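Architecture and fold: a report
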Amino acid sequence: MAKFVRVDIPVDKPDASIKAAKKAFKKHTNLGANSPMTGWVDMALFNNRTLEIETLRTTAEEKSDEAQAVYDQAKTLCGINKGQGKQTKGTMYWFVLQIRDVLKNKNRGVEENLQMWGFNVVTSQTGARKNIRIDIPDDKPENLLELGEDIAERHTTLGLASPLIDNVDMAVFEPMVTDARALVDNWDTLKGESQSIHNQAMVKMGYAAGQNSQTPNTMYFDFMSIRDRLLQNYMGTEEMLSEWGFNVVISEHSVGKKKGSSNPTVREGDLTSPGITNVIITGLLIAAATGLFLEAAGSGIRFYFTNVPGMPPGPSTMFIDVPPGQWVQVNAGQIGFSGVNIYLTAQNVGMTPGHYIITIG
């Protein structure tokens with residue numbers, strides 16, 4: 001039986017990544033001097049980075065919660081929070097409705113004048129009848145606030161000529177607009193701080209824009225190093241990687257005599273030892289459904305696709321180990337082929353020289 005193995009790294013999943021990192025460090029600590037990470041990855045630095053990331057994400061979440069609380073205060077002041085409506089007296093929404101009605105009465109027939117107060121006025125015609133719709137933005141505090149500020153500015157500009165004098169208590173409305181602006185600005189600041197801190201955490205993780213598994217001094221880079229070292233250490237018992245926080249999926253496939261095709265494409269070569277040697281098989285036209293016959297001689301050979309030439313398997317590792325003297329038939333998609341992972345690699349995972357044969361078709 002040939003063994004299919006997939007080892008997943010929780011890329012772009014911060015919480016899962018932190019959990020996996022803590023599990024890996026705990027396993028390393030428990031093994032002490034017997035840990036396969038000794039002399040391979042600076043696990044103390046890895047753990048410190050994990051704790052820094054966790055602190056940043058906690059702070060970002062606290063800022064986000066604070067921002068949401070402030071935003072809810074702004075919504076309540078505006079009168080558009082849950083449980084509130086146009087009948088909720090003393091809110092900005094309630095005042096704006098009063099102001100709209102006063103101005104509409106003062107500008108009967110020329111309702112378009114309300115646009116000078118910041119209202120969105122929509123007119124249409126049905127026969128000889130003129131239709132007027134005056135929209136009030138009651139969806140978001142920042143939108144209603146803009147209207148409130150336009151009203152306050154127009155009222156101040158008109159002074160004693162303002163039609164709102166003696167009709168609306170502007171001495172209450174105007175400070176309310178100022179208070180709402182302070183809340184919305186505070187919300188915007190807190191939201192920005194939360195996003196900034198979150199981005200700092202993502203950079204340390206290696207999951208930010210422009211970063212990948214080769215970005216040094218990141219959790220992602222260390223994950224790849226830890227995983228690759230463990231794959232060497234636990235060759236044949238890859239399920240042990242689950243004790244280090246990795247998600248491992250293993251399946252088996254029977255091996256036997258292959259069925260040849262009339263015009264197969266064959267690639268073969270030698271692989272040195274000891275340790276791991278990558279050989280990139282180039283110039284092959286392959287799709288996910290393409291059938292591959294993979295053979296090993298002299299040593300166990302690991303076959304997989306990756307997105308970078310000459311690299312170990314990618315962040316979501318899908319590979320198959322073929323024992324010496326055996327072969328297995330697979331589809332390219334079963335060992336990681338995709339529109340990104342296009343480089344077929346044969347990797348000697350044994351301690352003796354090996355030989356690979358790849359037959360397509």
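Preceding this paragraph is the structure being described.
Per chain, the residues get numbers from 1 upward, laid out in the order the sequence is written. Where totals are concerned, whole chains, interfaces and linings use all residues; where local detail is concerned, this predicted model gives features only for residues with pLDDT of at least 70, and gives and counts side-chain atom pairs only at 80 or more. Just so you know, side-chain values use all the structure's heavy atoms and leave hydrogens and water out.

The backbone of D166 sits at a positive phi, close to 70 degrees, despite the residue not being glycine. Under the DSSP-based scheme used, a helix requires at least four consecutive residues in state H or I and a strand at least two consecutive residues in state E, with every element numbered from the N terminus. Residue position: D166 is located in the loop between α4 (141–158) and α5 (170–205). In this structure, N217 is a non-glycine residue whose phi angle is positive, near 60 degrees. With respect to the helices, strands and loops of the structure, N217 is situated in the loop between α5 and α6 (219–233).

Mapping E111 onto the fold places it in the loop between α3 (92–106) and β2 (120–126). There is no salt bridge for the buried E111, and the closest opposite charge comes from K130, which lies 4.2 Å off by N-O distance. Side-chain atoms alone can form a polar contact between residues adjacent in sequence; in general such a contact is a pair of N or O atoms within 3.5 Å, and within protein one must be able to donate a hydrogen while the other accepts it. A polar contact is formed between the side chain of E111 and the backbone nitrogen of G109, at a distance of 3.1 Å. Beyond its immediate sequence surroundings of up to four residues, E111 is in contact with K104, V121, K130 and I132. For every residue, the accessible area obtained with a 1.4 Å probe (protein chains only) is divided by the maximum for its type, and the residue is called buried under 20%, exposed over 50%, and partly exposed between those limits. All tallies of charge rest on Lys and Arg as positive and Asp and Glu as negative; His and the ends of each chain are not included. Counted as salt bridges are all cases of a side-chain nitrogen of Lys or Arg within 4 Å of a carboxyl oxygen of Asp or Glu. Residue contacts are defined here by distance: any two heavy atoms, one from each residue, within 4.5 Å place the two residues in contact.

Let us look at the packing of aromatic side chains. For this analysis, a ring pair means two rings from Phe, Tyr or Trp (six-membered ring only for Trp) whose centres lie within 6.5 Å, classed as stacked if their planes differ by under 30 degrees, edge-to-face if by over 60, and tilted for the remaining angles. Enumeration according to the criterion identifies eight aromatic pairs in this entry. An aromatic cluster of at least three residues, connected via ring pairs, comprises F46, F223 and F246. The aromatic ring of F319 is capped on one face by R302, whose charged end is 4.1 Å from the ring centroid. Two conditions define a charge located above a ring, namely a distance within 6 Å from the ring centre to NZ of Lys or CZ of Arg, and an angle within 35 degrees of the ring normal.

Okay, the nonpolar core next. In this structure, M92, V96, I99, F119, I151, L164 and F173 are the most contacted members of the largest nonpolar core, which totals 36 residues. Put simply, the parts of the chain that give this core at least two residues each are α2 (43–78), α3, α4 and α5. Dropping the residues within four chain positions of it, I151 is found in contact with V96, I99, W117, F119, L164, M170 and F173. We define the nonpolar core as a collection of buried residues of types Ala, Val, Leu, Ile, Met, Phe, Trp, Tyr and Cys that are connected through side-chain atoms lying within 4.5 Å of one another. Counting residues in hydrophobic clusters, the runner-up holds 34 residues, among them I53, M202, Y207 and L231.

We now examine the pairing of strand β3 (residues 129–135). Note that β2 and β3 share seven bridges and pair antiparallel. In the sheet register, V121 faces β3, and the bridge partner there is I134. Counting the residues in the hairpin turn of β2 and β3 gives two residues, including G127, whose phi is positive at 65 degrees. When DSSP finds two or more bridges between a pair of strands, those strands are recorded as paired.

Our next topic: the packing of α3 against α5. Note on geometry: axes are C-alpha line fits, over the in-contact stretch for helices, and angles between N-to-C directions span 0 to 180 degrees. Closest axis-to-axis distance for the α3/α5 pair is 10 Å, and the angle between their directions is 130 degrees. The angle between the axes of α3 and α5 places the two elements in the oblique class. Of the two elements, α3 crosses α5, and the hand of that crossing is left-handed. Packed against α3, whose contacting residues are M92, F95, V96 and I99, the element α5 presents M170, V172, F173, M176, V177 and A180 at the interface. Residues are grouped as follows: Ala, Val, Leu, Ile, Met, Phe, Trp, Tyr, Cys and Pro are nonpolar; Asp, Glu, Lys and Arg are charged; every other residue, Gly included, is polar. Its residues placed into classes, the contact of α3 with α5 shows ten nonpolar, no polar and no charged. Roughly parallel covers angles under 35 degrees, roughly antiparallel covers those over 145, roughly perpendicular covers 65 to 115, and oblique covers all other angles. Two helices cross in a left-handed way if the nearer one is turned anticlockwise from the farther one by less than a right angle. They cross in a right-handed way if the turn is clockwise.

Let's shift gears to α2. In this analysis, the expected span of each helix is defined as 1.5 Å times one less than the number of residues it contains. Taking 1.5 Å as the rise per residue, α2 with 36 residues should run 52 Å; its terminal C-alpha atoms sit 52 Å apart, in good agreement. One side-chain oxygen at the N-terminal end of α2 lies 3.3 Å from the backbone nitrogen of A44; it belongs to D42. Phi for G79, located one or two positions after α2, is positive at around 90 degrees.

Moving on, we come to α5. The end-to-end C-alpha separation of α5 is 52 Å, in line with the 52 Å expected for 36 residues at 1.5 Å each. One or two positions beyond α5, positive phi appears at G206, with a value near 90 degrees.

Inspection of every chain in the model, using the stated rule, returns 16 salt bridges. Across the pair R181 and E149 runs a salt bridge whose closest N-O atoms are separated by 2.7 Å. Placement of the pair is R181 in helix α5 and E149 in helix α4, with a sequence separation of 32 residues. By relative accessible area, which is 26% here, E149 ends up partly exposed. One salt bridge in this structure joins D321 and R302, with 2.7 Å as the shortest N-O distance. Residue D321 is located in strand β9 (residues 316–322), and its partner R302 is located in strand β8 (residues 301–306); the two are separated by 19 residues in the primary sequence.

Attention shifts here to the packing of α3 against α4. Between α3 and α4, the least distance of the axes is 11 Å, while the angle of their chain directions is 50 degrees. When the interaxial angle is binned, α3 and α4 end up oblique. Every pair of crossing elements has a handedness; the one defined by α3 and α4 is left-handed. Taking contact as the criterion, the partners of M92, Y93, V96 and I99 in α3 are, on α4, L144, L145, L147 and I151. For the contact of α3 with α4, the residue count by class is eight nonpolar, no polar and no charged.

On to the environment of I320, then. In this structure, I320 sits in strand β9. I320 sits 176 residues away from L144 along the chain, and the two C-alpha atoms are 60 Å apart.

What follows concerns the environment of M351. You can see M351 is positioned in the loop between β11 (343–348) and β12 (354–360). Judged by its relative accessible area of 60%, M351 falls in the exposed class. When the C-alpha atoms of M351 and M202 are compared, they prove to be 38 Å apart, with 149 residues separating the residues in sequence.

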